[in-house]
Amino acid sequence: MAVMNLISTINHTLDQELERDQRVVVFGEDVGLEGGVFRATVGLQKKYGEKRVFDTPLAESAIVGTAVGMAINGLRPVAEIRFSGFMYPAYNQIVSHVARMRNRTRGRLNLPMVIRMPHGGGIKALEHHSESLDTLLGHIPGLKVVTPSTPYDAKGLLLSAIRDEDPVIFLEPSKIYRAFKQEVPEEDYTIPLGKAKILQQGTDVTVVSWGAYVHEVLKAGQLLAEEGISLEIIDLRTISPIDRETIIESVQKTGRFVVVHEAAKSFGPGAELMALVNEGAFLYLEAPPTRIAGFDVTIPIPRGEHHYFMDAKRIAHGIRRVANY
Amino acid sequence: MAVMNLISTINHTLDQELERDQRVVVFGEDVGLEGGVFRATVGLQKKYGEKRVFDTPLAESAIVGTAVGMAINGLRPVAEIRFSGFMYPAYNQIVSHVARMRNRTRGRLNLPMVIRMPHGGGIKALEHHSESLDTLLGHIPGLKVVTPSTPYDAKGLLLSAIRDEDPVIFLEPSKIYRAFKQEVPEEDYTIPLGKAKILQQGTDVTVVSWGAYVHEVLKAGQLLAEEGISLEIIDLRTISPIDRETIIESVQKTGRFVVVHEAAKSFGPGAELMALVNEGAFLYLEAPPTRIAGFDVTIPIPRGEHHYFMDAKRIAHGIRRVANY
Amino acid sequence: MLAQQYGPLQGKMLQIMDENGVILQTDLVPDRQDEAWLESYMTMLKTRSADNKALQLQRQGRMLTYAPNTGQEAAQVGSAAAMAEGDWLVPAFRELGAWLTRGVDLERVYLYWYGNELGSKFADGVRVLPISVPIGSQFQHAVGIAMASNIKGEDDVTVAYIGDGGTSIGDFSEALNFAGVFNAPVVFIIQNNQYAISVSRQKQTKAETLVQKAVAAGIPGILVDGNDLMAMYAATKEAIDRARDGGGPTLIEAYTYRLGAHTTSDDPTKYREDEEVEKWRAKDPVKRMKAYLIAKGIWSEEEDVRLIEQYDEEALEIFRKVEATGETELEDIFKYHFAEMPEHLQEQYDEYVQYLKEVE
Amino acid sequence: MLAQQYGPLQGKMLQIMDENGVILQTDLVPDRQDEAWLESYMTMLKTRSADNKALQLQRQGRMLTYAPNTGQEAAQVGSAAAMAEGDWLVPAFRELGAWLTRGVDLERVYLYWYGNELGSKFADGVRVLPISVPIGSQFQHAVGIAMASNIKGEDDVTVAYIGDGGTSIGDFSEALNFAGVFNAPVVFIIQNNQYAISVSRQKQTKAETLVQKAVAAGIPGILVDGNDLMAMYAATKEAIDRARDGGGPTLIEAYTYRLGAHTTSDDPTKYREDEEVEKWRAKDPVKRMKAYLIAKGIWSEEEDVRLIEQYDEEALEIFRKVEATGETELEDIFKYHFAEMPEHLQEQYDEYVQYLKEVE
Ligand SMILES: Cc1ncc(C[n+]2csc(CCOP(=O)(O)OP(=O)(O)O)c2C)c(N)n1
Ligand SMILES: Cc1ncc(C[n+]2csc(CCOP(=O)(O)OP(=O)(O)O)c2C)c(N)n1
Ligand SMILES: [Mg+2]
Ligand SMILES: [Mg+2]
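Everything numeric in this text was worked out from a predicted model, so none of it was measured.

(A) Layout of the domain arrangement of chain A. Residue and element names in this part refer to chain A. Split by domain assignment, chain A resolves into domain 1 (2–184) and domain 2 (197–323). Each of domain 1 and domain 2 has a C-alpha centre, and the two are 26 Å apart. Taken together, the contact between domain 1 and domain 2 spans 29 residues of the former and 23 residues of the latter. Between domain 1 and domain 2 lies a buried interface of about 2000 Å² when both sides are counted; carbon and sulfur atoms form 55% of it. Interface area lost by domain 1 to domain 2 is led by Lys124, Asp134 and Thr147, which between them contribute 24%. Seen at the junction of domain 1 and domain 2, the total is one salt bridge. Here Asp153 ties to Arg237 by a salt bridge, and the two come within 3.4 Å at their closest N and O atoms. Here domain 1 and domain 2 share eleven residue pairs in polar contact (both at pLDDT 80 or more) between them. Contributions of two or more residues to the side of domain 1 that touches domain 2 are made by helix H6 (134–138), strand S6 (144–146), helix H7 (151–163) and strand S7 (168–173). Of the residues in the side of domain 1 that touches domain 2, the class split is twelve nonpolar, ten polar and seven charged.

Structure below.
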């Protein structure tokens, strides 16, 4: 058991899976020689050679498009997109092919492939380096969308993603790449996709979040606990398909629901969760399902970033209202 | 006053605006010589010349990307994307530039431009010709997204869109391009963006829809009227930003809310409307806000299309449940 | 090497046979048995029959829509015939000749244009990708397949098709560039049929030829008379052999013409002159191969007429089977999104089934 | 015509001045006053000062991040200096030399790298687009601007920049192709600085030169020593003149080198050898222009030292102003999405302001 942060866990997991399964290939811009701008793939090219871990030219559509071809021809590609903000040039390949090949061919061609990308903001980066794609990917039938909030989960979810027979988008919250360390088992383990995790049992309000914000929500939970408000905190882990059961059960218990997310509010992932709660627990609701979400603005670059991102205090403020409704 | 269908209204409106404003240019694949595969631009090149109405090479990103440049340099481009399913290659330009140029430059460069496209399905076409982009465009801060449901509205909304100082995505429900005719005034008139329209006053359930589905909802309203269920039917008209006031007021009156849309259900536009209703009229709700929406599948090609699209009967079935809740 | 003689900047087009089926360059005739040529010719005939039948059926309102390829048979059959067993074919959407050459059932093709997804489910072992509607996007899949062959140390080659219009979209250039960088064993074939719907080749790009787009990626290219079966075979065979031997990708421009409409919903008289069409009709690839075979004494008018009749009948029979399939099963629109149907999809399906029962 | 002599397929690179500032081809020296050259040189010096200062400040933790352009000054200043008043400049993100030449305030540039959107709000009348982070996407804007000039019957020319890495993305090829088709008055400049972060030019494409990508679009191209101010000026001037005269687009490859890191968060020793860097340092564009001007007798070491000092101070002073601006106003992150703030945004803003009041 080693103590690792999120980014080194990604590296360790890719390493193990490259070792275990010859079909796995890892590639993207700066992924090979340099080992990735975040160092997610550092050392892997040296270990597995240029055929299995390699740099690509600067072309996101081709990165995803060639991964489609590789998956069809027997490989298990793990493609890296530099930042979620550079997913857009690949969106046509993702929506039109990655998500659809199995359905289009009525099951004949499936695509076991993973697209990894640093996701979300809060890292004081320039424009397009802080995008939240939850809705833009979650809305697409045929995609699974996963995001870990801890190193431990990252390993289990990434292994599940690579071994899945279908494409998985793996969103890595870059804000917490190096935020903290955790014990991560050496041995192989998977965490099932599509299952949320109850991080904290509670009685007053169900709060769902994922990725980096999970940690702010946990802090908000502590603040509120001091006031006697007990949160049930759920890490969604898989953005699509959503683990409705876990959430609905919890809301049926607490009668109150809050979703906290980084993406812009309108047409955001929070709306979907609120809808699910309406559908599954309407008669249990003691307060309106509520979203605490990003403003409907382009995420500001660093000198304004703090206006956009919410801290535990602000999250607690929002939850408190729901608790006291 | 001439009697026109939706597609000829688009043609008529572009014609008038090309005439009125020298800055307007109209282009896209097959838009010039042929006049568009749907004939939206037929005759316009002949009338206004190849400089103002023209064919482009086959490249959606460049169609949108060059429109950005033209808007910066003093024109008012009206770009056509062949079908909404071919918007994806242009998504990077739309999200990264069209939606952001004003904010990026703190108001110095604004983009008065329109991107028109046939939208939605039900026209017995092949794959990628039936896509609903409501969420994928509605979620992007900085875009206005509009869709007419009648020829009359089409003219007023399209003129508003072209004259807007900011980019507007204009989604044309191809299913009703030729479905019916309506009197459309010769003279110039605009319909404000961001305003929904109450098509039918009612007391029992508020039903919101837009585009082609509006007409099925109206039929459903007739079916239900016979059973004594009175619908308040609202045509959203602008998908983003949403006219919350009109909807909330209505729900406060009826206590019941249904949204009907063609796009896939999960993370779809219905979720946003349900969220808004939760936020604005929770205490008035006598039944759970409900979405009657597309399945979470890739829209089937024609031999399976009928499974996906809902008729008035099925919509009425869903609304009835809410009415009887 | 043909790709040098007829390369992007040589200003020459590879032609082995003239418009009347007379061999122009004996030394370039590929080393191939008479029977093989005859077989390819038959495939061209079959393609045309299937094409005609589809158009006819569509006019009767029985076929949904259809993208005819009359005029492009040599470009398709000639190139696909040069492929070996394990090779992959990645089509655009108008490649009937290539599909039939590579063992795709006409039934599947008709199913597709009939509007049924089962038309994209080819038999196991048929290494052919389904139609790719978003123009150009398939080129990247082709490169990925070819890269995978390299990575796995297998020597299969991938052959991919695109139209003249397709060369303008970013995916095309990205794909060529990737193929060059990774030395991918892939042969890119542009079927320059002079139009992208109504937009003429001249309005598509200022490049004098489309094959010169190979220069951007630093890969070899060759301009070929796309209506000459032998030339198409020769150029593709050379490119495939080179790819298989580790020589990387090649771009082929097949200079040809779409004699028919873009699809059954298109009216080409809106954008081109009959005169032009007639000029090209004289270059008909089927006609010229027929003349060649008859002159060689291995084919006759009578056999031709009979075979066409036979193909016409077969095509109709196949379509009748397709027509009998009727509508898509409800379950099928849900079942194939994932290996296992997720709960929410299952629920949507169940609810709808329930609804259907209720309203019955 | 230079673009013919040094065109994509000539295997030659335009050089007017050697590495020591000695004129190699007197007949090619552009017709330009000594003072104009001196002014361009000064802009190069100013660029380098601003660059050094930014790096220094970033190391002190005062500048957020920065993309240095040391080594590329001639490519930028030489090309931008050839522009006329109404011409448009469309940068990638590393074009300090071009910005300063075209009247962008250093203050704006520093504001940008300091992390403030106001850094993208150039003064009215400055026809320069903001930085375009998504690589390559700006090329299409450039073409659109140029097409608009054509449509309006104005004769302004647009000059756009991209890196070697940027030539691999689809938007690049689409833009060149559009420009060709519409005969757009635009000059595309590739600053081939040999790297896209860690990915070397060799791994970016198999094309021998980047300028040969012009062939794909059927437009002229020219390969230029990007460290030679005169050559860059001459090539760009010719291309701009041609564009203005209705001759359409040109692609220029400026062969140069990024002497520094990709950005301040990059460590180039991970992917390249010091030796290579040293080889290129000898080709320093500033050094060679200085030698030329001193040899000409219109500049001196002393003046040089003094001017650098002055620029250093000015840069620091400007940065101090920037630093004093502090954080972005809350209102500013809401206010500029639309001409008028829509209700929901206003509400989100108001609610947040209310919250801030409550917690204070
Ligand atoms: C990305 C994209 N844009 C637009 C279309 C609509 N469309 C279908 S076929 C076609 C023309 C294709 O021309 P070409 O590549 O020359 O192929 P051809 O039809 O001649 O075989 C167009 C524009 C599409 N399918 N995909
Ligand atoms: C579409 C896109 N993908 C990835 C990136 C991340 N990125 C920023 S700079 C860069 C390298 C650019 O190389 P080049 O075009 O040669 O320009 P240079 O940095 O050398 O000036 C990359 C990959 C990006 N900004 N945009
Ligand atoms: Mg064509
Ligand atoms: Mg570079």
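Having seen the model, we can carry on.
(B) The arrangement of the interface of chain D and chain B in detail. Tallying the contact residues gives 46 residues for chain D and 41 residues for chain B. Buried area between chain D and chain B, both sides added, is near 3600 Å², and the carbon and sulfur share of it is 62%. One can count four salt bridges joining chain D with chain B. Between Arg108 of chain B and Asp124 of chain D there is a salt bridge; the shortest N-O distance is 3.8 Å. Joining chain D to chain B, the criterion identifies 21 residue pairs in polar contact (both at pLDDT 80 or more). When its residues are assigned to classes, the side of chain D that touches chain B shows 23 nonpolar, 13 polar and ten charged.

(C) Structural detail: the nonpolar core. Among the nonpolar cores identified, the biggest contains 397 residues, and Leu137 of chain A together with Leu137 of chain B are the most heavily contacted of them. Filtering out sequence-adjacent residues up to four positions away, Leu137 of chain B remains in contact with Met87, Tyr91, Ile94, Met117, Leu143, Val145, Ile169 and Leu171 of chain B.

(D) Focus on the domain arrangement of chain C. Annotation of chain C at the domain level lists domain 1 (2–327) and domain 2 (329–360). Once you take the C-alpha centre of each, domain 1 of chain C and domain 2 of chain C turn out to be 39 Å apart.

(E) Unusual backbone geometry, seen in detail. Omega for the bond connecting Ser240 of chain A with Pro241 of chain A falls within 30 degrees of zero, at 0 degrees, which places this linkage in the cis form. Within the chain, Arg39 of chain B stands out as a residue other than glycine whose phi angle is a positive 70 degrees. For Arg39 of chain B, the position within the fold is in the loop between strand S2 (24–28) and helix H2 (44–48). Of note, the phi angle at Gln194 of chain D is positive, near 80 degrees, even though the residue is not glycine.

(F) Spotlight on the packing of helix H3 (residues 60–72) of chain B against helix H6 (residues 138–152) of chain D. Where H3 of chain B meets H6 of chain D, the axes come as close as 6 Å, and the angle between the chain directions of the two elements is 55 degrees. By the criterion of interaxial angle, the relationship of H3 of chain B to H6 of chain D is oblique. Note on packing geometry: the crossing formed by H3 of chain B with H6 of chain D is right-handed. Listed contacts from H6 of chain D to Ser61, Ala62, Gly65, Thr66, Val68, Gly69, Met70 and Ile72 of chain B of H3 of chain B are Gln140, His141, Val143, Gly144, Ile145, Met147 and Ala148 of chain D. A per-class count over the contact of H3 of chain B with H6 of chain D returns eight nonpolar, seven polar and no charged.

(G) Quick look at the pattern of salt bridges. Scanning the entire structure with this criterion turns up 85 salt bridges over all chains. Taking the shortest distance from any N to any O, the salt bridge between Arg20 of chain B and Glu17 of chain B comes out at 3.0 Å. Taken as a pair, Arg20 of chain B and Glu17 of chain B lie in helix H1 (residues 6–20) at a separation of three residues, close to a single helical turn. For Arg20 of chain B, a relative accessible area of 46% puts it in the partly exposed group. A residue is classified by how much of its surface remains accessible, and Glu17 of chain B, at 1% relative accessible area, is buried. A salt bridge links Arg48 of chain D to Glu73 of chain D; its shortest N-O distance comes to 2.8 Å. With Arg48 of chain D in helix H2 (residues 34–59) and Glu73 of chain D in helix H3 (residues 73–80), this residue pair connects regions lying 25 residues apart in the sequence. Note on Arg48 of chain D: relative accessible area 15%, which makes it buried. Here the residues in one salt-bridge network are Glu17, Arg20, Arg163 and Asp188 of chain A, joined through shared partners.

So, how was this worked out
Residues numbered from 1 in each chain as written. Chains lettered and ligands numbered in written order. Predicted model: local features only at pLDDT ≥ 70, side-chain atom pairs only at ≥ 80, totals over all residues. Heavy atoms only, no water. Domains from an automatic or database assignment. Contact = heavy atoms within 4.5 Å. Buried area = accessible area lost by both parts, 1.4 Å probe. Salt bridge = Lys/Arg side-chain N within 4 Å of Asp/Glu carboxyl O. Polar contact = N/O pair within 3.5 Å; in protein donor to acceptor, adjacent residues only side chain to side chain. Helix = DSSP H or I, 4+ residues; strand = E, 2+ residues; numbered from the N terminus. Nonpolar A, V, L, I, M, F, W, Y, C, P; charged D, E, K, R; others polar. Core = buried A, V, L, I, M, F, W, Y, C linked by side-chain atoms within 4.5 Å. Buried < 20%, exposed > 50% of the residue type's maximum accessible area, 1.4 Å probe, protein only. Axes fitted to C-alpha atoms, helices over the stretch in contact; angles between N-to-C directions. Parallel < 35°, antiparallel > 145°, perpendicular 65-115°, else oblique. Left-handed = near helix turned anticlockwise from the far one by under 90°.

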